[in-house]
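What follows is each chain in one-letter form.
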2 protein chains.
Amino acid sequence: MQKIITVSRQFGSGGRTIGRLVADKLGIPCYDKKLIEKIAEESGYAKEYVSEESEYAPGTGGFVYGFLGRGIDGLSNADKIWFSQKKVILELAEKGSCVIVGRCADYLLKDREDCLNVFVYASKEFRADRIVNQYGETGVEPMKRLKEKDKKRKLNYKYFTEQEWGKMSNYHLAIDSEKLGIEKAAEIIVAAAGGNNE
Amino acid sequence: MQKIITVSRQFGSGGRTIGRLVADKLGIPCYDKKLIEKIAEESGYAKEYVSEESEYAPGTGGFVYGFLGRGIDGLSNADKIWFSQKKVILELAEKGSCVIVGRCADYLLKDREDCLNVFVYASKEFRADRIVNQYGETGVEPMKRLKEKDKKRKLNYKYFTEQEWGKMSNYHLAIDSEKLGIEKAAEIIVAAAGGNNE
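Criteria and thresholds
- Residues numbered from 1 in each chain as written.
- Chains lettered and ligands numbered in written order.
- Predicted model: local features only at pLDDT ≥ 70, side-chain atom pairs only at ≥ 80, totals over all residues.
- Axes fitted to C-alpha atoms, helices over the stretch in contact; angles between N-to-C directions.
- Helix = DSSP H or I, 4+ residues; strand = E, 2+ residues; numbered from the N terminus.
- Parallel < 35°, antiparallel > 145°, perpendicular 65-115°, else oblique.
- Left-handed = near helix turned anticlockwise from the far one by under 90°.
- Contact = placed C-beta atoms within 7 Å.
- Expected span 1.5 Å × (residues − 1).
- Buried ≥ 20, exposed ≤ 12 C-beta atoms within 10 Å, placed from the backbone.
- Least-squares fit on C-alpha atoms with pLDDT ≥ 70 in both.
- Nonpolar A, V, L, I, M, F, W, Y, C, P; charged D, E, K, R; others polar.
- Pairing = 2+ DSSP bridges.

K.L.:
What should I look at first to understand the packing of helix 10 (residues 182-193) of chain A against helix 10 (residues 182-193) of chain B in this one?
P.N.:
Running from N to C, helix 10 of chain A and helix 10 of chain B point in directions that differ by 165 degrees, and their axes come no closer than 10 Å. The orientation of helix 10 of chain A with respect to helix 10 of chain B, classified from their angle, is roughly antiparallel. Helix-helix and strand crossings are classified by hand; for helix 10 of chain A and helix 10 of chain B the assignment is right-handed. Note on element contacts: helix 10 of chain B touches helix 10 of chain A through B:Lys184, B:Glu187, B:Ile188, B:Ala191 and B:Ala192, opposite A:Lys184, A:Glu187, A:Ile188, A:Ala191 and A:Ala192.

Here it is as structure tokens:
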């Protein structure tokens, strides 16, 4: 039995919804927005700021980094949030079974044997349709929104983990949510998590 | 319900064994060595030759290409085998439910809605141990054997499909057989294949 399930996902793939479904099916908590609240609490930053910060990586022109720079301790806000994020995630994993969506949890928990790392992906067309349905239209074209969001996730992941976001070997299971559907994807993860680790 | 399941795999990951298990569980045929026989029959080449050929890609110094070159029709032996392979795989898929291991079947059947493409992978250490246990020692170090075999599969796949072997987006499901185990991997594929395509 895998105690912790991390769900990393391409923007618009339905990974967050799948994470919640998995948690419901297993009767364990799902940390996605709740995770942001906990990191905000731990770091002292506002949760909107913490939420936004995850979308930028130092040096990519994100306003957070470009504008606010580093404190007198030499740490950027991003670094400080990263340390809080790490602390919160390690503590949550210690506390009990849960699903954690995003936030480099796969990397932070990579030394735990009881952690299943999942990646959820889908075609750009599927995701573009889905974000318009889920989050509504914005002034920016859906394809552009996807590209920017994924790029930022990739850079953020790379900056903090020195690994490749979305590279198969960083995950134990990767699922195409377009082909398999949201519900079936959740079932597959539950089946995988229930398995022995032979 | 997915009618056809293709299993692509890193050398030593247990993908072939997983393919057979899936076929057993679903009560459908599994084409791995049987596929080689069919391609040999269709193409007129010896099955040892067909089997060997899949390990080389034109221009990589494989003896098959280097030595035998092209026929008067301008086609290399590799090309001829490729056309036979394509014909056999398309016909098998038309005939009924089955599992097909390797041989670019994922690419050849990519236009079928009822085809589930799976990729099986594991760490180099796990695979090196496994090939020694499964196939015995050879004069070549296991890590070198792995590297060469995967490289040849990659080049062969690239040459014929112009796609990237092992790239997540070419598959619907990717499974780490080391983490999840051979049996559990097969169960996950069966669960995925049984699902609706919402």
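Don't stop here, the text continues.
K.L.:
Looking at this structure, how should I read helix 1 (residues 15-26) of chain A?
P.N.:
Residues three or four positions apart in an α-helix share a direction because the helix packs 3.6 residues into each turn. All names here are of chain A. The end-to-end C-alpha separation of helix 1 is 16 Å, in line with the 16 Å expected for twelve residues at 1.5 Å each. Residues Gly 15, Thr 17, Ile 18, Gly 19, Leu 21, Val 22, Ala 23 and Leu 26 constitute the buried set of helix 1. Packed against the buried residues of helix 1 are strand 1 (4-9), strand 2 (30-31), strand 3 (98-101), strand 4 (115-121), helix 9 (177-180) and helix 10. Of the residues trailing helix 1, Gly 27 is marked for its positive phi of about 65 degrees.

K.L.:
Would you explain the relation of the copies chain A and chain B in this entry?
P.N.:
In summary, the two copies of the chain are related to each other by a rotation about an axis coupled with a shift along it. Once chain A has been moved 0.0 Å along the axis and rotated by 180 degrees, it coincides with chain B to within an RMSD of 0.0 Å. On the angle and the small slide along the axis, the relation comes out as a two-fold axis. Within chain A, the C-alpha atom positioned nearest to the axis of rotation is that of A:Ala174, 2.4 Å from it. Interface overlap between copies is the fraction of interface residues in one copy that are interface residues in the other; for chain A against chain B it reaches 100%, indicating a shared surface.

K.L.:
Is there a simple way to explain the interface of chain A and chain B in this structure?
P.N.:
You'll often see interface size given as the accessible area lost when the parts meet. Counting from both sides, the interface comprises 22 residues of chain A and, opposite them, 22 residues of chain B. Elements supplying a minimum of two residues to the side of chain A that touches chain B: strand 5 (173-176), helix 9 and helix 10 of chain A. Here the element with the most residues in the side of chain A that touches chain B is helix 10 of chain A; it accounts for six residues. Across the side of chain A that touches chain B, the residue classes tally to nine nonpolar, seven polar and six charged. As judged from the three bridges shared by strand 5 of chain A and strand 5 (residues 173-176) of chain B, these two strands associate in the antiparallel manner. Opposite A:Ala174, over in strand 5 of chain B, you have B:Ala174 as the bridge partner.

Honestly, it's all geometry; don't read function into it.
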